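As a plain string of letters, each chain reads:
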2 protein chains.
Amino acid sequence: MDRCEVVGSLLIMVLMSADAEPRPLRERGNLARRSASWTIAHATETGAEPAGAQSIQRALVLLNLVAVLARDRPGGVSLSELTRVSERPKASVRRVLLALVQAGYVEQDPETSRYRLGLQAAVLGELASQGADRLGAVSTDSLIRLSDVSSDTAFLTVRHGSYAVCARRQEGPGPIRNYALAVGDRHPLGVGAGSLALLSALPDDEVAAVLSATAAARAQYPRFDDETLHRLVRRSRKAGYALNDGLFIAGSWAVGVVVRDADDRPVAALSVATIAERLGRQRREELVEVLQREAETMHTALTRRTQP
Amino acid sequence: MDRCEVVGSLLIMVLMSADAEPRPLRERGNLARRSASWTIAHATETGAEPAGAQSIQRALVLLNLVAVLARDRPGGVSLSELTRVSERPKASVRRVLLALVQAGYVEQDPETSRYRLGLQAAVLGELASQGADRLGAVSTDSLIRLSDVSSDTAFLTVRHGSYAVCARRQEGPGPIRNYALAVGDRHPLGVGAGSLALLSALPDDEVAAVLSATAAARAQYPRFDDETLHRLVRRSRKAGYALNDGLFIAGSWAVGVVVRDADDRPVAALSVATIAERLGRQRREELVEVLQREAETMHTALTRRTQP
DNA sequence: GATCTCTGGTCCACATTATGGACCGTTGCG
DNA sequence: CGCAACGGTCCATAATGTGGACCAGAGATC
């Protein structure tokens, strides 16, 4: 019933919650345990415009929920869990799920009657990362090489407004796994290595704008106050790479560098995460060198693709 | 205004159209030119149950449309084109698009104001192909190897009801490109190499069931009558692989083999497509050998993953 | 420069649409 | 045998999405 314990990673999903107000997180014993309902509450910076398509919003939120929850439960998510987590009546959840199933975005295991992402979701993702200058196609090889040479976990982080989203993740061959960041997780810019690399690449005025935009959301990240972030940005700019030295989760370190698109705008970041012990000065510099090489590879790939 | 000509591939998308009746395709000059509106009309075998979530259905259809159309237009799709193709009032389309944009599944180019798939779509796909025994993760390496050694285009096709959907596609390094099949395209089982491999792997009664289920839809595929398909199935079973010798698009040939999951059920197919000249008996057999090896690799990967 | 037409985008009275509390049948537990 | 939790369904209510009409701007064409 509950090996579902989120392994110590904070699930923070790119969800625009139906309700806007960032509900005051009620700690529940274990500090690392935050229910996915909190995840939902984590609204976007777009101040919840009450556009005229709320059922669609709700449907997509539910789709995201299925995605995130099924990530940690190989068997799929149960209806009751979805209703609990989404905090909506069961009938509504089921109705929406039916629609998603019918469209192929979600599939329901005929035996266990649990829900998980369907074929159409995979197809959509394939199409999303395929087109032209999309990062997906360009990043694959780099991520594989990075995780290979480092034996650690490599990430592709992209910017989304004032936030950074983990878009891809590649496990290395080594035995050490890092569960601090999973695909879909979202944090304010500056929180995490890739995220910090992105923030540091912005001009000063944008940094300030981002910091004020995420000020409220950063209540959840007590270690990342404005001053700390400013300091981190300065350090990253000076060093040419971003270092996450365990501020987010103690002992979980990472280094990241920014990736620029054809117009030299920072659009993504490559990072490698591991445990503190494996990021001594020496190894760190080796890793940064590889990271920068791969970032450059991606940059030229992006440039080449958008030329013609 | 119209370099948008679909390059000669038939777009057939996995869409459950809002309206059910498979509208009588009006040929319009060029025989290979079928407007995407036809694409939509191509309803699923699920006979359009009028479930209580029509706005969601419509939204997802529109999302699919953005995906398919943006595939051929690197810049994105214009609002007017979406309204034309979806055959709904502009206001409605726009309202839904706004919702999709707000949710991050679609993004709008601030300069050209065209729409294309957004970040969330990529994240969703990543999560969809990531989990446990998902084919996405397992197929990547095989597809890359296949396209590498063949210098042609490699495909992963999965079964969806009585249809086959192209789930992934990997271009080879060679100069020859095959546009007969793109990610998201859907054809009745039996039409195409991978699709035929899947069909041939089914027991006789299921083959019969599939054929009768797709009988109506196959009106669009005049070359693939029941008798022909039965013959093709027999040939494929005897040979151990499926051969598409240009029946679908003249000169476009392909070979495919089936991939079985942990329970030995046929769930997908690997195939390589190229031009007729590059599929002589000799080369064909070499390719089949490689295909079978990769299918076996995927099978063991799928088995291993679902054991614990 | 007046006109025509093609964009993308917005408005709002209307009725089609989604909503969710109550309910049912099963399963598993003490 | 109850009790609780599960997946799933029903249907009166009102909230929700709908889409024809409209506006402004950008090229063409004369």
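Because the structure is predicted, anything quoted here is derived from the model rather than measured.

Colleague: Looking at this structure, I do not really get the pairing of strand β7 (residues 252–260) of chain B. What am I missing?
Modeller: Along a regular strand, successive side chains alternate from one face of the sheet to the other. All names here are of chain B. In terms of burial, β7 is largely enclosed, as 7 of its 9 residues are buried. Here strand β6 (residues 242–245) pairs with β7 via 4 bridges, running antiparallel. Residue pairing across strands places L243 opposite V255, the latter belonging to β7. The turn linking β6 back onto β7 is made up of 6 residues, and G246 within it adopts a positive phi angle of 85°.

Colleague: Sorry if this is basic, but what is going on with the packing of aromatic side chains here?
Modeller: Two numbers describe a pair of aromatic rings. These are the distance of the centres and the angle of the planes. For the structure shown, the criterion picks out 2 aromatic pairs over all chains. Here the basic side chain of A:R186 rests over the ring of A:Y163, its NZ or CZ set 3.9 Å away from the ring centre.

Colleague: Hey, could you run me through the relation of the copies chain A and chain B in this one?
Modeller: Mapping chain A onto chain B leaves a residual RMSD of 0.1 Å; the transformation is a rotation of 180° accompanied by 0.1 Å of translation along its axis. A rotation of that kind, with that shift, is consistent with a two-fold axis. When C-alpha positions in chain A are compared against the rotation axis, the closest is assigned to A:G125, at 1.7 Å.

Colleague: Which parts of the structure should I look at to understand the interface of chain A and chain B?
Modeller: How big an interface is tends to be reported as the loss of accessible area on association of its parts. Across the boundary between the two partners, chain A contributes 50 residues, which contact 49 residues of chain B. Summed over both partners, the interface of chain A with chain B buries about 4400 Å², with 67% contributed by carbon and sulfur atoms. Our count for the chain A to chain B interface comes out at 2 salt bridges. With a shortest N-O distance of 3.2 Å, B:R168 and A:E126 are connected by a salt bridge. Run the count over chain A and chain B and you get 7 residue pairs in polar contact (both at pLDDT 80 or more). Contributions of two or more residues to the side of chain A that touches chain B are made by α2 (54–72), α4 (90–103), β2 (115–117), α5 (119–130), β3 (153–160) and β4 (163–170) of chain A. Per-element accounting of the side of chain A that touches chain B gives the leading share, 11 residues, to α5(A). When its residues are assigned to classes, the side of chain A that touches chain B shows 29 nonpolar, 12 polar and 9 charged.

Colleague: It is not clear to me how the protein's contact with DNA strand C should be interpreted in this structure. Could you clarify?
Modeller: Looking at DNA strand C, there are 20 residues lining it, with A:R95, B:Q54, B:K90, B:R94 and B:Y115 nearest. Within 4 Å of the protein, the contacting atoms of DNA strand C are drawn from sugar and phosphate to the extent of 67%. In this structure, a phosphate oxygen belonging to DNA strand C sits 3.3 Å away from a side-chain N or O atom of A:S92. Counting only elements with at least two residues in the surface near DNA strand C, the list comes to α4 of chain A together with α2 (54–72), α3 (79–86) and α4 (90–103) of chain B. Split by residue class, the surface near DNA strand C holds 6 nonpolar, 8 polar and 6 charged.

Colleague: Whenever I open this one, the packing of α2(A) against helix α3 (residues 79–86) of chain A confuses me. Can you help?
Modeller: Helix packing geometry: the angle between the two helix axes and the distance between the axes. Residue and element names in this part refer to chain A. As a packed pair, α2 and α3 sit with axes 11 Å apart at the nearest point and diverge in direction by 115°. Every pair of crossing elements has a handedness; the one defined by α2 and α3 is right-handed. Residue-level contacts link L62, L65, V66 and L69 of α2 to E81, L82, V85 and S86 of α3. When the residues that make up the contact of α2 with α3 are grouped by side-chain class, the tally is 6 nonpolar, 1 polar and 1 charged.

Colleague: What should I look at first to understand the environment of B:L279 in this one?
Modeller: Residues and elements named next belong to chain B. Position of L279 among the secondary structure elements: in the loop between β8 (266–275) and α10 (281–306). For L279, a relative accessible area of 2% puts it in the buried group. Here the alpha-carbon distance between L279 and L243, two residues 36 residues apart in the chain, equals 9.8 Å. Residues in contact with L279, not counting those within four places in the same chain, are W253, A254, V255, T274, R284 and L287.

Colleague: It is not clear to me how the sheet that holds strand β6 (residues 242–245) of chain A should be interpreted in this structure. Could you clarify?
Modeller: Sheets are built from strands paired through backbone hydrogen bonds, the pairs being either parallel or antiparallel. Residue and element names in this part refer to chain A. Across the sheet, which stays open at both edges, the 6 strands sit in the order β5-β4-β3-β8-β7-β6 with antiparallel pairing between neighbours. Because the sheet does not close on itself, it has two edges, and the strands there are β5 (186–188) and β6. Adjacent strand axes in the sheet meet at a mean angle of 30° when their direction is disregarded.

Colleague: Can you help me understand α3(A) in this one?
Modeller: Because an α-helix completes one turn every 3.6 residues, residues spaced three or four positions apart along the sequence face the same direction. All names here are of chain A. α3 sits mainly inside the fold: 6 of its 8 residues count as buried. Turning to α3, its buried residues are L79, E81, L82, T83, V85 and S86. A positive backbone phi angle near 60° is found at E87, which sits one or two residues after α3.

Colleague: Can you walk me through the protein's contact with DNA strand D in this structure?
Modeller: Close to DNA strand D lie 20 residues; A:Q54, A:S55, A:K90, A:R94 and B:R95 are nearest. Near-protein atoms of DNA strand D (within 4 Å) split between backbone and bases, with sugar and phosphate holding 69%. For DNA strand D, a phosphate oxygen lies 3.0 Å from a polar atom in the side chain of A:Q108. Here A:Y115 contributes a side-chain N or O atom positioned 2.8 Å from a phosphate oxygen of DNA strand D. Going through the elements one at a time, α2, α3 and α4 of chain A together with α4 of chain B are the ones with two or more residues in the surface near DNA strand D.

The rules behind each value
Residues numbered from 1 in each chain as written. Chains lettered and ligands numbered in written order. Predicted model: local features only at pLDDT ≥ 70, side-chain atom pairs only at ≥ 80, totals over all residues. Heavy atoms only, no water. Buried < 20%, exposed > 50% of the residue type's maximum accessible area, 1.4 Å probe, protein only. Helix = DSSP H or I, 4+ residues; strand = E, 2+ residues; numbered from the N terminus. Pairing = 2+ DSSP bridges. Phe/Tyr/Trp six-rings, centres within 6.5 Å; stacked < 30°, edge-to-face > 60°. Lys NZ or Arg CZ within 6 Å of the ring centre and 35° of its normal. Least-squares fit on C-alpha atoms with pLDDT ≥ 70 in both. Contact = heavy atoms within 4.5 Å. Buried area = accessible area lost by both parts, 1.4 Å probe. Salt bridge = Lys/Arg side-chain N within 4 Å of Asp/Glu carboxyl O. Polar contact = N/O pair within 3.5 Å; in protein donor to acceptor, adjacent residues only side chain to side chain. Nonpolar A, V, L, I, M, F, W, Y, C, P; charged D, E, K, R; others polar. Near = heavy atom within 4 Å. Axes fitted to C-alpha atoms, helices over the stretch in contact; angles between N-to-C directions. Left-handed = near helix turned anticlockwise from the far one by under 90°.

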